[in-house]
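# Examining the three-dimensional arrangement
The residues making up each chain are set out below.
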Amino acid sequence: MILSGKEVSSALRAGLAAQVATFPEKYGRAPHLAVILVGDNPASQIYVRNKAKACESIGITNTTITMPADSTEEAVLAEIKRLNEDSGVDGILVQLPVPKQINTARIIEAIAREKDVDGFHPGNVAALWQKMPCMVPCTPKGIMKLLAHAGVDPKGKRAVVIGRSNIVGLPVAKLLLDANATVTMCHTRTVDLPSITRQAEILVVAAGAAKMVTGDMVSDGCVVIDVGMDHDAEGKLCGDVDYDSVAPKASWITPVPGGVGPMTIACLMENTVEAFLAKQK
Ligand code: GUN
């Protein structure tokens, strides 16, 4: 069965829109998300535009700040400082990757933790790993919502995560562990990967390699979550999972596009609303 992020994210966004519609009367204004885009990476431009569109459809105020590709780290830090100090801004996000003259860690650390709607700030990461209240990163949060929607309780299940990035692999493994799955973390250099993925009841693939998981690597009934956004040999958009050979074996599978991607954006909207509400207390 197809696990449609398009559908689940629409429902989530509709709920947020209804909630946000009550805010001007209750709190005097709508939430405000500021997005910084440095440079002209085409994929980043699309992501940022989609984030702005999602804000508009929900009623969240959006400011997109575009900075030239040769911007200095100091210039980006100055922009972040300005947004940190602006009490009318609830969420701040710097689209990654940033040009190479800019140190990503220093940028992420500079964002005020309470405005870090990506959940990338070291304070948020530490809180997640210590089971403290935190901003949960958007893609892992979206994946957990997709599993819940499919009625898949990770408790007692064998989950395998391929990929160990700060954005997806590491935090999703932690969320699955907290949901009482037994989690195996592996990656593209794992020896005999198929012998491990075949044990998975839940398989999350965030390896960044087009169609790397093939039908022979999954067992019947596996729930397959494809976080990939790649292009195949013909230049067509595809995931990290070879959909055609894996789908017949999977009990649930997320398509690309229309799977995890829309959930990430919907969860970003949810995090922005959370950051806004945390200030209203
Ligand atoms: N680049 C790829 N994914 C993300 C994300 O979730 N947030 C940001 N800021 N940049 C990204």
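Residues numbered from 1 in each chain as written. Predicted model: local features only at pLDDT ≥ 70, side-chain atom pairs only at ≥ 80, totals over all residues. Heavy atoms only, no water.

### A look at helix H11 (residues 260-279)
Spelled out, the test is: Helix and strand assignments come from DSSP, with helices taken as H or I runs of at least 4 residues and strands as E runs of at least 2, each series counted from the N terminus. A helix's residues, less one, multiplied by 1.5 Å, set its expected span. Burial here depends on accessible area, computed with a 1.4 Å probe over protein chains only, as a share of the maximum for the residue type. Under 20% is buried, over 50% is exposed, and the range in between is partly exposed.
Taking 1.5 Å per residue as the helical rise, H11 with its 20 residues ought to reach 28 Å, and the 29 Å between its terminal C-alpha atoms agrees with that figure. In terms of burial, H11 is a largely internal element, 14 of the 20 residues being buried.

### Regarding the site of the ligand
What counts here: Being near a molecule or strand, for a residue, comes down to having at least one heavy atom within 4 Å of it. In protein, a polar contact requires one atom able to donate a hydrogen and another able to accept it; more generally it is a pair of N or O atoms within 3.5 Å, and residues adjacent in sequence count only if both atoms are side-chain atoms. Per-residue accessibility takes into account occlusion by the displayed protein chains alone, with areas from the Shrake-Rupley method and a 1.4 Å probe. Side-chain classes follow a simple rule in which Ala, Val, Leu, Ile, Met, Phe, Trp, Tyr, Cys and Pro form the nonpolar group, Asp, Glu, Lys and Arg form the charged group, and the remainder, Gly included, forms the polar group.
The full set of residues close to the ligand is Lys 51, Leu 93, Val 94, Gln 95, Leu 96, Asp 118 and Phe 120. Contacts to the ligand include Val 94, whose backbone N or O atom sits 2.9 Å from a nitrogen atom. Measuring from a nitrogen atom of the ligand, one finds a backbone N or O atom of Leu 96 at 2.9 Å. Alone, the ligand offers 280 Å² of accessible surface; in the complex the protein occludes 81% of this. For the shell around the ligand, a count of residues per class yields four nonpolar, one polar and two charged.

### A closer look at the sheet that holds strand S6 (residues 202-205)
The following threshold applies: Here, a strand pair is defined by DSSP locating no fewer than two bridges between the strands.
An order of S5-S4-S6-S7-S10 is seen for the five strands of this open sheet, with the pairing classed as parallel. Each edge of the open sheet carries a strand with a single partner, namely strand S5 (182-186) and strand S10 (252-253). Across two bridges, the pairing between strand S7 (residues 223-226) and S10 is parallel. Residue pairing for S10: Val 224 is matched across the bridge by Ile 253.

### Focus: the pairing of strand S1 (residues 32-38)
A large share of S1 lies buried, amounting to seven of its seven residues. The side-chain alternation of S1 yields two buried faces, one formed by His 32, Ala 34, Ile 36 and Val 38 and the other by Leu 33, Val 35 and Leu 37. With seven bridges joining them, S1 and strand S2 (residues 61-67) adopt parallel strand pairing. Residue pairing across strands places Ile 36 opposite Ile 65, the latter belonging to S2.

### Topic: the pattern of salt bridges
This is how it is decided: For this analysis, a salt bridge means a side-chain nitrogen from Lys or Arg found within 4 Å of a carboxyl oxygen belonging to Asp or Glu.
Applying the stated rule across the entire model yields ten salt bridges. Note that Asp 90 and Arg 29 form a salt bridge whose closest N and O atoms lie 2.9 Å from each other. A residue pair is termed long-range when its members are at least 10 positions apart, and Asp 90 in the loop between helix H4 (73-85) and strand S3 (91-94) and Arg 29 in the loop between helix H2 (23-27) and S1 qualify at 61 residues. Note on Arg 29: relative accessible area 25%, which makes it partly exposed. In this structure, Glu 270 and Lys 141 form a salt bridge, with 2.8 Å as the shortest nitrogen-oxygen distance. Of the two residues, Glu 270 is situated in helix H11 and Lys 141 in helix H7 (residues 138-149); the sequence distance between them amounts to 129 residues.

### Concerning H7
Taking 1.5 Å of rise per residue, the twelve residues of H7 would be expected to cover 16 Å, and the 16 Å separating its terminal C-alpha atoms lies within 8% of that figure. In terms of burial, H7 is a largely internal element, nine of the twelve residues being buried. Along H7, the residues that are buried comprise Cys 138, Thr 139, Pro 140, Lys 141, Gly 142, Ile 143, Met 144, Leu 146 and Leu 147. Looking one or two residues beyond H7, the residue adopting positive phi is Gly 151, at roughly 75 degrees.

### Comments concerning the packing of aromatic side chains
Given two aromatic rings, one states the distance between the centres and the angle between the planes to describe the pair. Let me state the cut-off plainly: When two rings of Phe, Tyr or Trp (its six-membered ring) have centres within 6.5 Å they constitute a pair, described as stacked for plane angles under 30 degrees, edge-to-face for angles over 60, and tilted for the intermediate range.
By the definition in use, this model includes three aromatic pairs. Their ring planes at 65 degrees and their centres at 5.3 Å tell us that Phe 23 and Tyr 27 sit as a pair that is edge-to-face. Of this pair, Phe 23 and Tyr 27 both sit in helix H2, four residues apart, which is roughly one turn of the helix. Given a relative accessible area of 1%, Phe 23 falls into the buried group. For Tyr 27, a relative accessible area of 33% corresponds to the partly exposed category. Among the aromatic side chains, those forming a connected cluster through ring pairs are Phe 23, Tyr 27 and Phe 276.

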